[in-house]
Amino acid sequence: MIDIAELVKDKPVRGNFFSPEVYVQGDIELGLLENRSGARLLALPEVLVQALYAGLEEEVGPSTGVVLFSCGRWWGKGFYRRFVEDVSKYYDKSMKQMEMVEFLECFKQCWKTHGWGVCDFDMKYYQQGFLVITVENSPFAEAAPQNKQPMCFLEAGILSAFFSQLTKQNLHAVQTTCESLGADSNRFILGLEDRLKVVDAWKEEGHDHATIMELLCRNQMASLEE
């Protein structure tokens, strides 16, 4: 027979912290948005994101990507800190105690609930030292100038900062496909910065994502053999 007293003693099973039904809260009359921890949220209208791209293009031209990536890196550090604090407190365990699947699901739901699109992880190249992150329905790609170049520098900066903090290594993120160019999703390669320096040259040569990953893995194997 089940001991009810023992069941009561057990910690309750926690649901999804980032469930949009409970995570996003606000006061319509005051025009305030907050998360379930009481931290303020900011809604970015599409026209504002479009103006950001246009303004940077006008002011800094070719350096637009560098500026956006730097902003993403700066913001990503704070994003990581808040993510760790909220998730650790809610689930009553540190990030180190979380199973990989549990962490990835938390991150994906967090990304989606904040309105940044639907992200996923491709672990195929993990043993070679690379992680591929895909994002679909990105608002940043939708608002970006179309048919120019991969434009999700802000997201790349956020991802590089977040996973650098998580792994305690200086990781970099490079975008290889973009929805603004007609791709089915935005793809970001995450890895050590020195290993990814050559990716921009390969993109300029017209190589697609699959070829770039093949070349990266080939370079990595050659380095290990030396």
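Residues numbered from 1 in each chain as written. Predicted model: local features only at pLDDT ≥ 70, side-chain atom pairs only at ≥ 80, totals over all residues. Heavy atoms only, no water.

## Notes on the overall build of the chain
The condition that has to hold: Strands are runs of DSSP state E lasting at least 2 residues, helices are runs of H or I lasting at least 4, and numbering of each runs from the N terminus. Each residue is placed in one exposure class: buried if its accessible area under a 1.4 Å probe, protein chains only, is under 20% of its type's maximum, exposed if it is over 50%, and partly exposed if it falls in between. All accessible areas in this document rest on Shrake-Rupley with a 1.4 Å probe, and a residue is counted as covered only by the protein chains that are shown.
Across its full length, the chain carries 10 helices and 6 strands. For the chain, the C-alpha atoms occupy an extent of roughly 65 × 55 × 30 Å along the three principal directions. In the chain, which comprises 226 residues, the share counted as buried stands at 40%. Accessible area of the chain: about 13,700 Å², with a carbon and sulfur share of 53%.

## Some thoughts on the pairing of strand S3 (residues 118-122)
Formally: Strands qualify as paired when DSSP identifies two bridges or more between them.
Side chains Cys119 and Phe121 project from S3 onto a buried face, and the interleaved Val118, Asp120 and Asp122 project onto a face without burial. Judged from the 5 bridges that link them, S3 and strand S4 (residues 131-136) form a sheet pairing that is antiparallel. When the sheet's bridge partners are listed, Asp120 is paired in S4 with Thr134.

## Quick look at the packing of aromatic side chains
Here is the rule we go by: Only rings of Phe, Tyr and Trp enter the pairing, Trp through its six-membered ring, and a pair is recorded when the two centres are within 6.5 Å. The plane angle decides the type: under 30 degrees is stacked, over 60 is edge-to-face, the rest tilted.
Under the counting rule described, the total for this entry stands at 26 aromatic pairs. When the ring of Phe17 is compared with that of Tyr90, the centres are 5.0 Å apart and the planes differ by 55 degrees; the resulting orientation is tilted. One end of the pair, Phe17, is in the loop between helix H1 (4-9) and helix H2 (20-23); the other, Tyr90, is in helix H4 (residues 64-91), and 73 residues separate them in sequence. Residue Phe17 shares its accessibility class with Tyr90, and that shared class is buried. Seen from their ring centres, Phe103 and Phe162 are 6.4 Å apart, and the 20 degrees between their planes marks the pair as stacked.

## Quick word on the pattern of salt bridges
Selection rule: The working definition used for a salt bridge is a side-chain nitrogen of Lys or Arg within 4 Å of a carboxyl oxygen of Asp or Glu.
With the rule as written, the count across this model stands at 7 salt bridges. Its salt-bridge partner being Glu102, residue Lys93 comes within 3.4 Å of it at the nearest N-O pair. Its salt-bridge partner being Asp120, residue Lys108 comes within 3.4 Å of it at the nearest N-O pair. Of this pair, Lys108 sits in helix H5 (residues 100-113) while Asp120 sits in strand S3; the two residues are 12 residues apart in sequence, bridging distant segments of the chain. Salt bridges sharing partners connect three or more residues here, namely Glu105, Lys108 and Asp120.

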